[in-house]
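Chains, contacts and geometry: an overview
Below are the chains, spelled out letter by letter.
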Amino acid sequence: MRTGIICPGEGLRAWQRKSVDLVAKLDFVELCLVIVDGDAIAEAGPQRGSLANRLRRSLTPGPLRFVGLTESLSTVPTAALLDGQAASALVRELAIDVVICFSPRPVPGNLVSAPTFGVWQHCIGAGADGGGDPPCLEEIREERHIVEIRLLRLTGKDCGGEILKEAAVQTVKRSYRATLAAAVSAAAHLPAQVCIEIKRLGKPILPARRFAIERCGKHAPMARRAVSAMGKMLKHRIRWLAHGVSMSEEWTLGIVDRPVAGCLEDDFLREPRFIPTDKAHYLADGFGLVLDGRNFVLCEQFDYAAGRGAIAWLELDSDGRVLAGPTQAFNTTAHASYPYLFSHCARVFCCPETWESGSLSLWEAVNPPAVWRCRGKVLAGVPAVDPVIFRHGGLWWLFCSREDDQPNEKLYGWYAEGLAGPWWPHELNPLKIDVRSARSAGAPFLSDGLLYRPAQDCSRAYGTRISINRVTQLSPSYFSEEVVRVIDPPRTGRFQDGIHTIAPLGDVCLIDARRWQLSPRGLRLKIRKLLAPRSSQRHPAFRS
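Remember, it's a predicted structure, so these values are computed and weren't measured experimentally. (Residues numbered from 1 in each chain as written. Predicted model: local features only at pLDDT ≥ 70, side-chain atom pairs only at ≥ 80, totals over all residues. Heavy atoms only, no water.)

1. Structural notes on the pattern of salt bridges
Oppositely charged side chains can form a pair if their charged atoms are brought close together. In total, this model carries 33 salt bridges according to the counting rule given. With its nearest N and O atoms 3.0 Å apart, the salt bridge here joins aspartate 404 to arginine 402. The partly exposed category is assigned to aspartate 404, whose relative accessible area is 47%. For arginine 402, a relative accessible area of 19% puts it in the buried group. The shortest N-O distance in the salt bridge between arginine 465 and aspartate 457 comes to 2.8 Å. (Salt bridge = Lys/Arg side-chain N within 4 Å of Asp/Glu carboxyl O. Buried < 20%, exposed > 50% of the residue type's maximum accessible area, 1.4 Å probe, protein only.)

2. Observations regarding the confidence of the model for the chain
Per-chain confidence: the chain averages 85 in pLDDT, with 86% of residues scoring 70 or above. Contacts for the low-pLDDT stretch residues 41-49, under 50 throughout, to residues beyond four places or in other chains number 17 contacts. Within the model, the stretch residues 535-544 combines pLDDT values under 50 with 31 contacts to residues more than four positions away or in other chains. (pLDDT = per-residue confidence, 0-100. Contact = heavy atoms within 4.5 Å.)

3. Comments concerning the pairing of strand S2 (residues 30-37)
Counting buried residues along S2, 7 of its 8 residues qualify, which places the element largely inside the surrounding structure. By the bridge criterion, 7 bridges tie strand S1 (residues 2-8) to S2 in an arrangement that is parallel. Residue pairing across strands places glycine 4 opposite leucine 33, the latter belonging to S2. In the classification by handedness, the crossover that spans S1, the intervening helix H1 (residues 14-24) and the parallel S2 is right-handed. Where S2 lies against strand S3 (residues 78-80), 3 bridges are found, and the strand directions are parallel. What sits directly across from valine 36, in S3, is alanine 80. (Helix = DSSP H or I, 4+ residues; strand = E, 2+ residues; numbered from the N terminus. Pairing = 2+ DSSP bridges. Right-handed = clockwise from strand over helix to strand, strands pointing away.)

4. Thoughts on the pairing of strand S14 (residues 322-330)
Two elements, strand S13 (residues 308-316) and S14, share 5 bridges in a ladder whose sense is antiparallel. Bridging from a neighbouring strand, tryptophan 313 pairs with threonine 327 of S14. Between the end of S13 and the start of S14, which pair antiparallel, lie 5 residues, with glycine 320 showing a positive phi angle near 85°.

5. Here we look at the packing of aromatic side chains
Counted by the stated rule, this structure contains 19 aromatic pairs. Residues tryptophan 397 and tyrosine 415 carry aromatic rings whose centres are separated by 5.7 Å and whose planes lie at 45° to one another, so their mutual orientation is tilted. In this pair, tryptophan 397 sits in strand S20 (residues 395-402) while tyrosine 415 sits in strand S21 (residues 410-416), placing the two residues 18 residues apart along the sequence. Of the two residues examined, tryptophan 397 and tyrosine 415, each falls in the buried class. Pairwise contacts between aromatic rings join Phe287, Tyr338, Tyr340, Phe342, Phe349 and Trp396 into one cluster. Against the face of tyrosine 412 rests arginine 402, its NZ or CZ located 5.9 Å from the ring centre. (Phe/Tyr/Trp six-rings, centres within 6.5 Å; stacked < 30°, edge-to-face > 60°. Lys NZ or Arg CZ within 6 Å of the ring centre and 35° of its normal.)

6. Digging into H1
When H1 is considered as a whole, its buried residues turn out to be Trp15, Gln16, Ser19, Val20 and Val23. The buried side chains of H1 occupy one side of the element, clustering within an arc of 145° when seen end-on. Looking at the packing, one finds that the buried side of H1 touches S1, S2, strand S4 (98-101), strand S5 (119-124), helix H6 (176-187) and helix H7 (190-201). (Arc of directions from axis to C-beta.)

7. A closer look at the nonpolar core
Ranked by size, the top nonpolar core spans 92 residues in total, and within it Tyr340, Trp372, Ile389 and Trp423 carry the most contacts. Dropping the residues within four chain positions of it, tryptophan 372 is found in contact with Leu298, Ala329, Phe330, Leu341, Val348, Phe349, Cys350, Trp363, Glu364, Ala365 and Val366. Grouped together as the second largest cluster of nonpolar side chains are 19 residues, Ile6, Leu94, Leu111 and Val119 included. (Core = buried A, V, L, I, M, F, W, Y, C linked by side-chain atoms within 4.5 Å.)

8. Focus on the environment of arginine 439
Structurally, the position occupied by arginine 439 is in the loop between strand S23 (432-433) and strand S24 (445-447). With relative accessibility at 1%, the residue arginine 439 sits in the buried group. There is a polar contact of 2.6 Å between the side chain of arginine 439 and the side chain of asparagine 408. (Polar contact = N/O pair within 3.5 Å; in protein donor to acceptor, adjacent residues only side chain to side chain.)

9. Some details on helix H3 (residues 84-93)
Among all positions of H3, only Gly84, Ala87, Ser88, Leu90 and Val91 are buried. Projected down its long axis, H3 shows its buried positions confined to an angular sector of 160°, all on one face. Every exposed residue of H3 that faces more than 90 degrees away from the buried side is listed here: Gln85 and Glu93. In this structure, the buried side of H3 is in contact with S2, S3, S4 and helix H4 (109-112). Alanine 95 sits one or two positions beyond H3 and adopts a positive phi of about 55°.

Laid out in structure tokens, this is it:
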């Protein structure tokens, strides 16, 4: 696939260059043309200047800083965007398949139709358009939960085009900088993903839909909107600090007297029964195991005082009462949670989340549920978050998020012919970038022959609710799914503030649920967060 880019001035921002690098790494892509938009407002390349300029650049988030072009593009033919006829002729002469536009200015109509697969351009948020409106500003000002990112194939007829790929990240309402950095980080992956889809299918997986970009003229003056956004950020930062100081979260496990497929029905959480916890710990991330008619549960037991979780087991009777436990199941050197369970060849396995160790390990039950042995690392060097392993279509699949790459918003996948591996990364990684339905929320399950994948909806906050996705395509080259149901927290009882896992336990179903309570423990956790190493600050106990 012969590819060209349109860059503002003589350089690219860091996230744009990352996007180009991801495309260039594909073995079937060749970068053949650079079109320079000399009139675009850009600070391409290293710049020197006044103290004010240097201060402004130092405050710019890393992904938005101009870093120039890569050395590999120094010998690529160039053209000027102003001379649209010459640029279009060069595109046709070089048989360019696609042009990726990183300039904020409109693309001449004759250039739009020149490449085989058109000219692609990002639309980040509601306010990004050719007039230079800052992306993500409207989401902050209007207090929206998500920022939507789209990769468009321009049509040239109006301001907009056909949607080729979409993503969504959470609006960090207290920080424009964090919101914008997350949005452009997600945007960088989209062109490479569409290139892979076109190579394998001849077209993008996502059916083309029209999208019109809003013009700046429809909004209030820029200065007024910026001041409004700053006021909203200040309000949310004060709320966030007050919440962190005064409140602490408590999770517990619940039992729903329906099979896991019942989550597809409206009244699924009608009457959940919750397992009591003590004041020193909470229980979350429950996964069930039925052995000789006895019901066992593996879960995270979080110690408030230590600020760390461990994997514990407990036994329940038929009415959901605790017969034994919680007792530690196996010891890990790192914080452990999400003890995902599955069976194969009459053996029981567990792959708990231990991202602080930097790898994902597989454990086998020697004498379940109390005695386990480590079978080794499944993914070395991958800080896997909320992993699930399952068999589908003759292959083993491993889905998880990465703690080092927007864990609430990106889903990664691997596959293998056997459980022992080797595990190969999916060609489309990250498989999905959507804060509403990416991060795993329990065990995938079959219903009427269809595969469903529970996922967390973190658009409002971490651990708020669950999305149920129906997987429509899954192979080493393809992946697509659609949200068919959203599960909100229980409406009755004390635990109405969150839900983030669902898993089968025989003929019933396990969930976990959260409540926020006024407690000095929140102040202690906040102080521990400020004093702890940076990696520890990412633990869910500190997210709010």
